[in-house]
Each structure stands twice: as C-alpha cells, then as structure tokens.
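# Residue-level structure breakdown
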Amino acid sequence: MAPRAVAKQTNAEMPDVVSDLEILIGYNMKRAYVAIQKDFRAALGEGGLSPRTFSALSLVVAHPNISQSSLARLLGIERSGLVAIIDELERRNYLTRSHVPGDRRVQALVATHEGNAAYQATLATVQAHEERLLATLSASEKHTLMQILIKIRLTDKEDI
C-alpha cells in the first residue's frame, strides 16, 4: 500500500505524507496508550505508583485476601512477573502477605491502612488525569470508547 496524504495538517512538525500505520487501529491504540501512560506518570510524579503497581493495589483493595495467583490472573500477567510488583507494594507498606491456613504455599494479600489511603489518593489523581486527557470527548464518546475497549479486551479468552 502506498502512503496516504494527510487531509488536514494539524501539527507543523507532521509530514504531508504518513505511512499506512496511521490507518491501523492497533497502531493508534498503542500510540494512545503511550500518551496515556506518559500523562499518568507525570500526574503521579516522581515516586508515585506506576500503572502496574496501581492496578495491583486496586485489585488487592477490591479483593482482600486475594491470592498472588488470582491477582496475576486478574492482571493478565505471569505470576513470576507479579513478584516485583508485590515486593514494591510491600516495601511501601501498602500491603501485607500472609500464608493461607491449610496451604502454606499460597500467599494472601491484604492492603494495609497506608495502602488503602494511598490507593484512594492515587485513584483521585488518576481520575483527574483521565478527565484532563479525555476532555475533548463527550460523555457519550467516553462511554462508547469504554464499551469498545472492554469488548476488545474480552476477546482474550484468558481475560474472561
């Protein structure tokens, strides 16, 4: 396919011709994710939670005594990839690990008082970041975007 001409140039640095990438949904989703993640990190500042640690803490708050295996499954990551996230949250005193009675191999995760407070403060910041970033979308467009993203996410059989 030949590169497509840009109908209206909105940025002085944008070239007159773009690649076929511009018409690919996956490419645009990835670029949107990069912009969202960059703004997320800026909103939380130096020393703030990363998107992955915030996600993990959110699920631990929502599901007290969740096992590490269940948390990894909900996050859609390998259990081995969860260890560093849990270590960071534990180091910050945001959660505790405890053995489950009857099965010492399973570790239950519980948010601490500090973890709950940090989660609530971070959630407010993340919500403000999303409002700012998506300010050009109407409420209807935000709703539609969320429905489409959920529909796409649920095509992953492991995320059901």
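Remember, predicted model here, so these are calculated numbers, not experimental data.

### Quick look at the overall build of the chain
- The helix and strand tally for the chain stands at six helices and five strands.
- Mapped from its N terminus to its C terminus, the chain presents α and β elements in the order β-β-α-α-β-α-α-β-β-α-α.
- A burial count over the chain gives 23% of its 160 residues as buried.
- In the chain, once contacts between residues fewer than 6 apart in sequence are set aside, the share between residues at least 24 apart is 42%.

### Focus: the nonpolar core
- By size, the foremost hydrophobic cluster in this structure holds 22 residues, and its most contacted members are Leu 57, Val 60, Leu 71, Leu 89 and Leu 109.
- Broken down by secondary-structure element, the contributors of at least two residues to this core are α1 (25–44), α2 (51–62), α3 (68–75), α4 (79–91), β5 (103–111) and α5 (113–133).
- By residue number, the principal contributor to this core is α2, which donates five residues.
- Residues contacting Leu 71, with those up to four places away along its chain left out, are Ala 56, Leu 59, Val 60, Ile 66, Leu 82, Ile 86 and Leu 109.

### With respect to the pattern of salt bridges
- According to the stated counting rule, one finds five salt bridges in the structure shown.
- Glu 88 is the partner of Arg 92 in a salt bridge, and the nearest nitrogen-oxygen pair spans 3.2 Å.
- Classification of Arg 92 as partly exposed rests on a relative accessible area of 28%.
- With a closest N to O distance of 2.9 Å, Glu 90 and Arg 97 form a salt bridge.
- Arg 97 sits in the partly exposed class, given a relative accessible area of 23%.
- Connected via shared salt-bridge partners are Asp 87, Glu 90 and Arg 97.

### Considerations on the sheet that holds strand β3 (residues 66–67)
- The three strands are arranged β3-β5-β4 in an open sheet whose pairing can be described as antiparallel. The open sheet has two free edges, formed respectively by β3 and β4 (95–100), since each of these has just one partner strand.
- Pairing of β3 with β5, which is carried by two bridges, proceeds in the antiparallel orientation. Within β5, the position partnered with Ser 67 by the bridge is Ala 108.
- The sheet strands contacting α4 are β4 and β5, and the helix crosses β4 at an angle near 125°.

### A look at α5
- In a regular helix each residue adds 1.5 Å, so 21 residues correspond to 30 Å; α5 covers 30 Å between its end C-alpha atoms and thus fits that length.
- Every buried residue of α5 is listed here: Gly 115, Ala 118, Tyr 119, Thr 122, Val 126 and His 129. Each buried residue of α5 lies within a common arc of 100° when the element is viewed along its axis, so the set occupies one face.
- In this structure, the buried side of α5 is in contact with α1 and α2.

### Observations concerning the packing of α3 against α4
- Put simply, α3 and α4 touch, their axes get as near as 9 Å, and they point 105° apart. In terms of their interaxial angle, α3 and α4 are classed as roughly perpendicular. Contacts between α3 and α4 involve Gln 68, Ser 69, Leu 71, Ala 72 and Leu 75 from the former and Arg 79, Leu 82 and Ile 86 from the latter.
- Taken together, the residues of the contact of α3 with α4 sort by class into five nonpolar, two polar and one charged.

### Some words on the packing of aromatic side chains
- Inspection of the entire model under this criterion finds two aromatic pairs.
- Relative to Phe 54, the ring of Phe 40 has its centre 6.1 Å away and its plane inclined at 55°; by these criteria the two rings are tilted. Taken together, the residues span a long stretch of sequence, with Phe 40 in helix α1 and Phe 54 in helix α2 at a distance of 14 residues.
- On the basis of relative accessible area, Phe 40 is assigned to the buried category, the value being 7%.
- Assessed through its relative accessible area of 10%, Phe 54 is described here as buried.
- Taking 5.7 Å as the distance between ring centres and 20° as the angle between the ring planes, the aromatic pair formed by Phe 54 and Tyr 119 counts as stacked. One end of the pair, Phe 54, is in helix α2; the other, Tyr 119, is in helix α5, and 65 residues separate them in sequence. Comparing Phe 54 with Tyr 119 shows no difference in burial state: the two are buried.
- Ring pairing ties together the aromatic residues Phe 40, Phe 54 and Tyr 119, which thus form one cluster.

What counts as what
Residues numbered from 1 in each chain as written. Predicted model: local features only at pLDDT ≥ 70, side-chain atom pairs only at ≥ 80, totals over all residues. Heavy atoms only, no water. Helix = DSSP H or I, 4+ residues; strand = E, 2+ residues; numbered from the N terminus. Buried < 20%, exposed > 50% of the residue type's maximum accessible area, 1.4 Å probe, protein only. Contact = heavy atoms within 4.5 Å. Core = buried A, V, L, I, M, F, W, Y, C linked by side-chain atoms within 4.5 Å. Salt bridge = Lys/Arg side-chain N within 4 Å of Asp/Glu carboxyl O. Pairing = 2+ DSSP bridges. Axes fitted to C-alpha atoms, helices over the stretch in contact; angles between N-to-C directions. Expected span 1.5 Å × (residues − 1). Arc of directions from axis to C-beta. Parallel < 35°, antiparallel > 145°, perpendicular 65-115°, else oblique. Nonpolar A, V, L, I, M, F, W, Y, C, P; charged D, E, K, R; others polar. Phe/Tyr/Trp six-rings, centres within 6.5 Å; stacked < 30°, edge-to-face > 60°.

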